[in-house]
Amino acid sequence: MPTSDVEELARLAAMVARLNGATVQLQAALREAGETELHAEGERVLSDFRSIQRQLVDATLMVRDAVRRD
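Quick look at the packing of helix H1 (residues 3-32) against helix H2 (residues 36-69)
How two helices sit against one another is set out by the angle between their axes and by the gap between those axes.
Step number 1: At their nearest, the axes of H1 and H2 sit 9 Å apart, and the two run at 160° to each other. Put simply, H1 runs roughly antiparallel to H2. The handedness of the crossing between H1 and H2 comes out as left-handed.
Step number 2: Looking at the contact of H1 with H2, its residues break down into 19 nonpolar, 8 polar and 4 charged.

So, H1
Step number 1: Its 30 residues place the ends of H1 44 Å apart at the C-alpha level, agreeing with the 44 Å of an ideal helix rising 1.5 Å per residue.
Step number 2: Listed in full, the buried residues belonging to H1 are Val6, Ala13, Val16, Asn20, Thr23, Gln27 and Leu30.
Step number 3: Of the surrounding secondary structure, the elements contacted by the buried residues of H1 are H2.
Step number 4: Following H1 by one or two positions, glycine 34 adopts a phi angle in the positive range, close to 75°.

Thresholds applied
Residues numbered from 1 in each chain as written. Predicted model: local features only at pLDDT ≥ 70, side-chain atom pairs only at ≥ 80, totals over all residues. Heavy atoms only, no water. Axes fitted to C-alpha atoms, helices over the stretch in contact; angles between N-to-C directions. Helix = DSSP H or I, 4+ residues; strand = E, 2+ residues; numbered from the N terminus. Parallel < 35°, antiparallel > 145°, perpendicular 65-115°, else oblique. Left-handed = near helix turned anticlockwise from the far one by under 90°. Nonpolar A, V, L, I, M, F, W, Y, C, P; charged D, E, K, R; others polar. Expected span 1.5 Å × (residues − 1). Buried < 20%, exposed > 50% of the residue type's maximum accessible area, 1.4 Å probe, protein only. Contact = heavy atoms within 4.5 Å.

Interpretation in functional terms is not warranted from these geometric data alone.
See the structure below:
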């Protein structure tokens, strides 16, 4: 796999991390506004985003290490 592909995976993981941060801010605003149903749904979405981020980081590291061995 080309190094540029590994860099793109890392960029994608960083974008998801920023999305996580924005979602946390939205969650705080929803909680303060008393939007309990939206807040609950946001928590489920945030959980999914965090899982995706972890998987992307793991994939990036795995691919990077494989590229370095070649």
